[in-house]
Amino acid sequence: PRSWRDNLITGLVIVLGLTLAFALGLCQLADAQPACTHWASPTGSGNACSQSQPCPVQSFWAHAGPGKVLCLKDGTYTGAAHMITPPAGLKGTATAPITVRAEQDGAVLLDARHSGFAVFLGTHDGRPNDWFVIEGINGTNGLESIMRVASSDSLVRRVVAWNGTSGAPTDGIS
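Worth saying up front: this structure is predicted, and the values here are computed from it rather than measured.

J.: I'm lost on the overall build of the chain in this one. Help?
T.: Broken down by element type, the chain carries 2 helices and 13 strands. For the chain, the residues scored as buried account for 37% of the 174 residues in total. A sequence separation of at least 24 residues applies to 66% of the contacts in the chain between residues at least 6 apart. Surface summary for the chain: the accessible area is close to 9,300 Å², and the carbon and sulfur share equals 58%.

So, in structure tokens, the structure goes:
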């Protein structure tokens, strides 16, 4: 028969193993990103917004809603059709934000060419854009700021911005 010490050691090993497995599972959950539902590319055209037929960023807004994820393929995005400027009143929810992210962090550049914002999440005519997540992009050459996030409950992660118009009140993210 097994001694009480052997049983205690076995029990502790099992508890330790379960605790470790649970902790590793939580870490993986925290790092998990929602799957892409739509895709855009610098040369995208049309409205499919699929992985094989990516669209311009602006075409995504017709598909966007709570829980939708636009993944930006690598490259330099220029022109109004490729900036992250959703229409007035478009919103995600607390449990299902609208996400726009680079497929590879840092491999997407939004160049506003001093004609507007690379990212504008704000209030248009009193109708805000709330519950957005913007991840892994770079932005440059904004008219004032590169990015303006004046919406409620939106999140910007792993984003770099530079070269706002000289003399503007801010030249990065406001």
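What follows continues from the structure just given.
J.: Explain the nonpolar core to me, please; I cannot follow it from the model alone.
T.: The nonpolar side chains of soluble globular proteins are, as a tendency, buried together. Counting 26 residues, the largest nonpolar core has Trp61, Leu72, Ile84, Leu110 and Ile137 as its most contacted members. Elements that contribute at least two residues to this core include exactly helix 2 (57-60), strand 2 (69-72), strand 4 (98-102), strand 5 (108-111), strand 6 (119-121) and strand 9 (132-135). Among the elements that make up this core, the one with the highest residue count is strand 4 (3 residues). Setting aside chain neighbours within four positions, we find Ile137 in contact with Leu72, Ile84, Ala102, Val108, Leu110, Val119, Met147, Arg158, Val159 and Val160.

J.: Would you mind going over the state of the cysteines with me for this structure?
T.: Throughout this description, disulfide means a covalent bond between two cysteine sulfur atoms. Evaluated as defined, the whole model comprises 2 disulfides. Note on cysteine connectivity: Cys36 is disulfide-linked to Cys71, with sulfurs 1.9 Å apart. The chirality of the disulfide connecting Cys36 with Cys71 is left-handed, given an S-S dihedral of about -80°. Taken together, the residues Cys36 in the loop between helix 1 (4-31) and strand 1 (38-40) and Cys71 in strand 2 connect sequence positions 35 residues apart. For Cys36, a relative accessible area of 23% puts it in the partly exposed group. Overall, the relative accessible area of 0% leaves Cys71 in the buried class. The disulfide that involves Cys49 links it to Cys55, with 2.1 Å between the sulfurs. Between Cys49 and Cys55 the disulfide shows an S-S torsion of about 100°. By sign, it is right-handed. On the basis of relative accessibility, which here comes to 1%, the residue Cys49 falls in the buried class. Classification of Cys55 as buried rests on a relative accessible area of 0%. Ordinal numbering of bonded cysteines along the chain defines a disulfide pattern of 1-4, 2-3.

J.: Where do I start with the sheet that holds strand 4 in this structure?
T.: What holds strands together in a sheet is hydrogen bonding between their backbones, with the strands either parallel or antiparallel. Sheet architecture is open: 5 strands sit in the order 1-2-4-9-12, paired in parallel fashion. Lying at the two open borders of the sheet, with one neighbouring strand each, are strand 1 and strand 12 (155-157). Averaged over all neighbouring strand pairs, the angle between strand axes comes to 15°, with direction disregarded. Bridge count between strand 2 and strand 4: 4 bridges; the pairing is parallel. Within strand 4, the position partnered with Cys71 by the bridge is Arg101.

J.: Please explain the sheet that holds strand 10 (residues 138-140) as it appears in this structure.
T.: Strands sit in the order 3-5-10-13 across an open sheet of 4 strands; the sheet is parallel. Of all strands in the sheet, those bounded by a partner on one side alone are strand 3 (75-78) and strand 13 (160-162). Ignoring strand direction, the axes of neighbouring strands in this sheet form an average angle of 20°. Pairing analysis gives 3 bridges linking strand 5 to strand 10, with the strands arranged parallel. Residue pairing across strands places Asp111 opposite Thr140, the latter belonging to strand 10.

How each quantity is defined
The residue count restarts for each chain, going from 1 along the sequence in the order it is written. Since the coordinates come from a predicted model, pLDDT governs what is reported: local features require at least 70, and pairs of side-chain atoms require 80 or more to be given and counted, while whole-chain, interface and lining totals use all residues. To obtain the side-chain values, all non-hydrogen atoms of the structure were used and water was disregarded. Under the DSSP-based scheme used, a helix requires at least four consecutive residues in state H or I and a strand at least two consecutive residues in state E, with every element numbered from the N terminus. Here's how the labels work: a residue is buried when its accessible area is under 20% of the maximum for its type, exposed when over 50%, partly exposed in between, all with a 1.4 Å probe on protein chains only. Contact between two residues is taken to exist if any of their heavy atoms lie within 4.5 Å; hydrogens are not considered. For the area figures, the Shrake-Rupley method with a 1.4 Å probe applies, and any residue is considered shielded solely by the protein chains shown. As used here, the term nonpolar core means buried Ala, Val, Leu, Ile, Met, Phe, Trp, Tyr and Cys residues forming a set that is joined through side-chain atoms within 4.5 Å. In plain terms, two cysteine sulfur atoms within 2.5 Å form what is called a disulfide here. Only strands that DSSP links by at least two bridges are regarded as paired with each other. To define axes, lines are fitted to C-alpha atoms, for helices over the stretch in contact only, and angles between the resulting N-to-C directions are given on a 0 to 180 degree scale.

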